[in-house]
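Next come the chains, spelled out residue by residue.
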Amino acid sequence: MRDFDLLQPVSVSEAAHMLADLGDECRVIAGGTALMLAMRQRMLTPTHLVSLGMLQSLKGIDYDETRGLRIGALTLHAEVARSPIVQMHYPMLASMAARVANPQVRNQGTIGGNLCYADPATDPPGCLMALDAEVVVTGTQGDRVMGIEEFLIDYYTTALAPDELLSEIRIAPPEPGTTGVYSRFLRTAAEHRPLASVAASARRSGRGCHFIRIAVGASTPIPLRLRRAEAFLAESEVTSDRLSEAADIVAADIEPVSDQRGAAEYRRDMVRVVARRTLLELFGLHHDEEGARP
């Protein structure tokens, strides 16, 4: 690892101006779980790190019945997982956060840092997409609000401008009857990064589906909303066969990556299995498949 200067701004505005002044020579550090590894491997060699550790305004979780959930960008994954607010109003989000990586990462890594790193094989982005979350980014010109789909552009690439940092995540209050399920497939029990993940959030009554959002992650360059499958299920009476057809649509509509962790068609097959299991669980139906490890 090469030498660097550590800067500690005392306000978000000061941090944004530091980023504007230093440009490509600096990186933001929050939890640092991914950044420090990249620096040790000399994949990144910044001359300056802008630490956000002193910015209390970027921490914490609060909920309002009108505005919904606010999660500060510096909130730890473990804090999201154990938050009574998140567990009560967004149990899918709490369940996902409790499974991110490993205990060390969950107790050091931040949810905002995770989104900004934009690793395609991680858990929060797809789950937040299924919850229709928005992010607030702050720069020298003020705040911008955008959806997760707009924020995530490509492999390890976000819509952040050079002078901007992510300040908070917002999720609207859930409508009555809304439930959600987040599922993932790991190749082995020792692996911490999912090969495929599916998140689904629906407003339903019994077997009736009034509205649904489905997002696939880990197997694609960025998480994807599967709108054709959503339209197929919306305003319908759900059955096991219909959910199986929806899972087939999900698998058909993605363009999976192919790498040393898994070939594209293998990932497509696993997305199909995980999607079906996720949808069956979401609607309280039985599944009898074998092979996918949640």
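Just so it is clear, the model here is predicted, and its values are computed rather than measured.

What follows is about the overall build of the protein. Per the secondary structure count, the protein includes 12 helices and 15 strands. Against the 2.2 N^0.38 benchmark of 19 Å for 294 residues, the protein shows a C-alpha radius of gyration of 19 Å, consistent with a compact globule. In the protein, which comprises 294 residues, the share counted as buried stands at 51%. Of all intrachain contacts in the protein linking residues separated by at least 6 positions in sequence, the fraction that spans at least 24 positions is 59%. Of the roughly 13,500 Å² of accessible surface on the protein, 49% is carried by carbon and sulfur atoms. Treating the 30 positive side-chain charges of the protein as one cloud and the 38 negative ones as another, the clouds have centres 5 Å apart.

Below, the discussion takes up a nonpolar patch on the surface. Residues Met1, Phe4 and Leu6 make up a contiguous nonpolar surface patch of about 260 Å² in total accessible area. Among the structural elements, Met1 can be located in the segment before strand S1 (5-7). By relative accessible area, Met1 is classed as partly exposed at 39%.

Turning next to the sheet that holds strand S5 (residues 68-72). Strands belonging to one sheet form pairs held by backbone hydrogen bonds; the direction of such a pair is parallel or antiparallel. Pairing is antiparallel across the open sheet formed by 5 strands, whose spatial order is S4-S5-S10-S6-S7. Whereas interior strands pair on both sides, the edge strands pair on one side only; in this sheet they are strand S4 (61-64) and strand S7 (142-147). Each strand axis lies, on average, 20 degrees off the axis of its neighbour in the sheet, ignoring direction. Note that S4 and S5 share 4 bridges and pair antiparallel. Residue pairing across strands places Asp62 opposite Arg70, the latter belonging to S5. With respect to the sheet, helix H1 (residues 12-22) is in contact with strand S6 (134-139) and strand S10 (165-171), its orientation differing from that of S10 by roughly 130 degrees.

The backbone phi angle of Tyr156 is positive, close to 50 degrees, even though this residue is not glycine. Take Tyr156: it is sitting in the loop between strand S8 (152-154) and strand S9 (157-158). Residue Tyr156 is classed as partly exposed on the basis of its relative accessible area, which comes to 43%. Positioned with a positive phi, Ala218 is a non-glycine residue whose angle comes to about 75 degrees. Checked against the element boundaries, Ala218 lands in the loop between strand S13 (208-217) and strand S14 (224-225).

Estimated volume of the largest pocket: approximately 1,500 Å³. Mapped onto the lining of the largest pocket, the elements with two or more residues apiece are strand S2 (26-29), helix H2 (35-40), helix H7 (111-117), S9 and S10. For the lining of the largest pocket, a count of residues per class yields 27 nonpolar, 16 polar and 6 charged. The space that makes up the second largest pocket amounts to roughly 550 Å³. Lining the second largest pocket are 29 residues; nearest its centre among them are Tyr90, Ile171, Ala172, Pro173 and Pro174. For the lining of the second largest pocket, the elements supplying multiple residues, two or more each, are S4, S5, helix H5 (91-97), S10, strand S11 (178-185), strand S12 (196-205) and S13.

Let us look at the environment of Gln104. With respect to the helices, strands and loops of the structure, Gln104 is situated in helix H6 (residues 103-106). The exposure class assigned to Gln104 is exposed, which follows from its relative accessible area of 59%.

On to helix H12 (residues 264-282). For an α-helix, 3.6 residues make a turn, and residues three or four places apart therefore share a direction. Between its first and last C-alpha, H12 extends 26 Å over 19 residues, near the 27 Å set by a 1.5 Å rise per residue. Of all 19 residues that make up H12, 14 are buried, and the element is covered over most of its length. The first or second residue beyond H12 is Gly284, which carries a positive phi of 70 degrees.

All right, on to the pattern of salt bridges then. Taken as a whole, this structure holds 18 salt bridges when the rule is applied. Arg70 is the salt-bridge partner of Asp62, the closest N and O atoms lying 3.8 Å from each other. When its relative accessible area of 35% is taken as the criterion, Asp62 is described as partly exposed. You can call Arg70 buried: its relative accessible area is 15%. A salt bridge links Arg193 to Asp119; the shortest N-O distance between them is 2.5 Å. With a gap of 74 residues between them, Arg193 in the loop between S11 and S12 and Asp119 in the loop between H7 and helix H8 (124-130) connect regions that are remote in the sequence.

The residue Glu65 is located in the loop between S4 and S5 in this model. A relative accessible area of 69% means that Glu65 is categorised as exposed. Considered as a pair, Glu65 and Leu165 are 100 residues apart in the sequence and their alpha carbons are 27 Å apart.

A word on the packing of helix H11 (residues 240-252) against H12. Closest axis-to-axis distance for the H11/H12 pair is 8 Å, and the angle between their directions is 145 degrees. The two elements H11 and H12 cross, and the hand of that crossing is right-handed. Counted together, Ser240, Leu243, Ser244, Ala246, Ala247, Asp248, Val250, Ala251 and Ala252 of H11 and Arg268, Val271, Arg272, Ala275, Arg276, Leu279 and Leu280 of H12 form the full contact between these two elements. Residue composition of the contact of H11 with H12, by class: 10 nonpolar, 2 polar and 4 charged.

Thresholds applied
- Residues numbered from 1 in each chain as written.
- Predicted model: local features only at pLDDT ≥ 70, side-chain atom pairs only at ≥ 80, totals over all residues.
- Heavy atoms only, no water.
- Helix = DSSP H or I, 4+ residues; strand = E, 2+ residues; numbered from the N terminus.
- Rg over C-alpha atoms; globule rule 2.2 N^0.38 Å.
- Buried < 20%, exposed > 50% of the residue type's maximum accessible area, 1.4 Å probe, protein only.
- Contact = heavy atoms within 4.5 Å.
- Areas by Shrake-Rupley, 256 points an atom, 1.4 Å probe, with all protein chains shown as cover.
- Lys, Arg positive; Asp, Glu negative; His and termini not counted.
- Charge placed at Lys NZ, Arg CZ, Asp CG, Glu CD.
- Patch = residues over 30% accessible without salt bridge, like charges linked within 9 Å, V, L, I, M, F, W, Y side chains within 5 Å.
- Salt bridge = Lys/Arg side-chain N within 4 Å of Asp/Glu carboxyl O.
- Pairing = 2+ DSSP bridges.
- Axes fitted to C-alpha atoms, helices over the stretch in contact; angles between N-to-C directions.
- 1 Å grid on protein atoms, 1.4 Å probe; cavity = no way out; pocket = protein on both sides within 12 Å on 5 of 7 lines; lining within 4 Å.
- Points joined across faces, edges and corners; volume = space filled by probe spheres on them.
- Nonpolar A, V, L, I, M, F, W, Y, C, P; charged D, E, K, R; others polar.
- Expected span 1.5 Å × (residues − 1).
- Left-handed = near helix turned anticlockwise from the far one by under 90°.

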